[in-house]
Amino acid sequence: MVHAASITGIFVLLYYLIFNHRFEYYYVWQHSSTTLPWQYIFASFWEGQEGSFLLWTFWHVILSLVIIRKGGTWEAPVMVTICMVQAFLVSMVLGVTVLEYKIGTNPFVLLREHPDMANLPFIKMPDYLQRISDGRGLNPLLQNYWMVIHPPVLFLGFASTLIPFAFAMGGLMTRRVREWTTPALPYAFFGVMILGTGILMGAAWAYEALSFGGFWAWDPVENASLVPWLTLVGAAHVMLIHKKNGSSLMSSLLLVVITFILILYSTFLTRSGILGDTSVHAFTDLGMTGQLVIYMLFFAVQAG
């Protein structure tokens, strides 16, 4: 509950800074401006890596509160895995240096402290804040109504893939290897619905505004979201079969694990900078490649 309050507080604080045009913060200056309509100022929150990680973390908090309320005896073993995932996600926005290794990037870094700005001459002026009249604003390609609704839905879909995985790990942890599919089943179909909707939104946006050439001419990031959805559809259906007649347990476990690992892999592809030259969706490398690899390998080993 302290973690939930903290994430919500960070969310509210960053939005406060964005809507009040506090351009002394690099993240606010980089992604918003005074000339943007309010809906694009709202959407600028998740244009950057840090904001999108916070959005993902926030959706995990909401889903966790549901599990805490309705999970019953499953609450503790399921929340163990969710808490570990949250620890990794929160590390992506820490922005601290430990033994000369930087862990995450902090969305609250001041403009004068950011490496890209610290050595600029105007930063040295005592009244430099008065010289900042506006921010850079949202990328023109992203100034579209889909930017307002597509990322939140897609990240809720990403977050929902964790819940069946957490139930599977909780079932193995408590040796209830056959029972976990029943409470996890509604979350699996919820994930199928939400992630599928998010992908369809992205497809419509790509076809309408980004000139990809059609629904099936997507870039690598679009496909990286589609493949886990296909495995999640398979997982949900074999879990339903297991609930009906007790078969397909191993298939259920395997597909749930593969889905979550593929979500982590797609995150690595999107945020490591590997696809920076081949995808308009990919973020630039912010030095978190090592963290992303550890994040992915940790849960692959846990599932193994």
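Structure first, text after, so check above.
The present account deals with the structure reproduced in this document. All of these numbers come straight from a predicted model, not from anything done at the bench.

**A short note on the packing of aromatic side chains**
Then comes step 1: The tally for this structure, following the rule as stated, stands at 26 aromatic pairs.
Then comes step 2: For the ring pair Phe88 and Phe299, a centre distance of 5.5 Å and an interplane angle of 65° mean the geometry is edge-to-face. Taken together, the residues span a long stretch of sequence, with Phe88 in helix α5 (residues 75-91) and Phe299 in helix α11 (residues 289-303) at a distance of 211 residues. Accessibility classification places Phe88 together with Phe299 in one group, the buried group.
Then comes step 3: Ring pairing ties together the aromatic residues Phe11, Tyr15, Phe19, Phe42, Phe45, Trp46, Phe58 and Trp59, which thus form one cluster.
Then comes step 4: A cation over an aromatic ring shows up here: Arg176 above the ring of Trp74, its NZ or CZ 3.9 Å from the ring centre.

**So, the pattern of salt bridges**
Here the idea is simple: oppositely charged side chains can pair when their charged atoms come close.
Then comes step 1: One pass over the structure, following the stated rule, counts one salt bridge.
Then comes step 2: In this structure, the salt-bridge partner of Glu24 is Arg22, at a minimum N-O distance of 2.8 Å.
Then comes step 3: By relative accessible area, Arg22 is classed as partly exposed at 31%.

**As for the side chain of Ser160**
Then comes step 1: Checked against the element boundaries, Ser160 lands in helix α6 (residues 145-160).
Then comes step 2: Judged by its relative accessible area of 2%, Ser160 is buried.
Then comes step 3: Once residues within four sequence positions are removed from consideration, Ser160 is found in contact with Leu63, Tyr187, Phe190 and Gly191.

**Side note on α11**
Then comes step 1: Spanning 15 residues, α11 covers 21 Å between terminal C-alpha atoms, matching the ideal 21 Å at 1.5 Å per step.
Then comes step 2: Listed in full, the buried residues belonging to α11 are Gln291, Leu292, Tyr295, Met296 and Phe299. Down the axis, α11 shows its buried residues gathered within 130° of arc, on one side only. Exposed and oriented more than 90 degrees from the buried face of α11 are Ile294 and Val301.

**Observations regarding the nonpolar core**
Then comes step 1: Core analysis: the biggest nonpolar cluster contains 89 residues, and Trp180 and Phe299 have the highest contact counts within it.
Then comes step 2: Setting aside its immediate chain neighbours within four residues, Trp180 contacts Trp74, Pro164, Phe167, Ala168, Gly171, Met239, Leu249, Ser252, Leu253 and Val256.

**Description of the packing of helix α4 (residues 49-70) against α6**
Then comes step 1: α6 packs onto α4 with a crossing angle of 55° between their chain directions and a minimal axis gap of 9 Å. What the angle tells us is that α4 and α6 run oblique. In the packing of α4 onto α6, the handedness of the crossing is right-handed. For the pair formed by α4 and α6, the contact residues are Ser52, Leu55, Trp56, Trp59, His60 and Leu63 on the first element and Pro151, Pro152, Phe155, Leu156, Phe158, Ala159 and Ser160 on the second.
Then comes step 2: Across the contact of α4 with α6, the residue classes tally to 10 nonpolar, three polar and no charged.

So, how was this worked out
Residues numbered from 1 in each chain as written. Predicted model: local features only at pLDDT ≥ 70, side-chain atom pairs only at ≥ 80, totals over all residues. Heavy atoms only, no water. Phe/Tyr/Trp six-rings, centres within 6.5 Å; stacked < 30°, edge-to-face > 60°. Helix = DSSP H or I, 4+ residues; strand = E, 2+ residues; numbered from the N terminus. Buried < 20%, exposed > 50% of the residue type's maximum accessible area, 1.4 Å probe, protein only. Lys NZ or Arg CZ within 6 Å of the ring centre and 35° of its normal. Salt bridge = Lys/Arg side-chain N within 4 Å of Asp/Glu carboxyl O. Contact = heavy atoms within 4.5 Å. Expected span 1.5 Å × (residues − 1). Arc of directions from axis to C-beta. Core = buried A, V, L, I, M, F, W, Y, C linked by side-chain atoms within 4.5 Å. Axes fitted to C-alpha atoms, helices over the stretch in contact; angles between N-to-C directions. Parallel < 35°, antiparallel > 145°, perpendicular 65-115°, else oblique. Left-handed = near helix turned anticlockwise from the far one by under 90°. Nonpolar A, V, L, I, M, F, W, Y, C, P; charged D, E, K, R; others polar.

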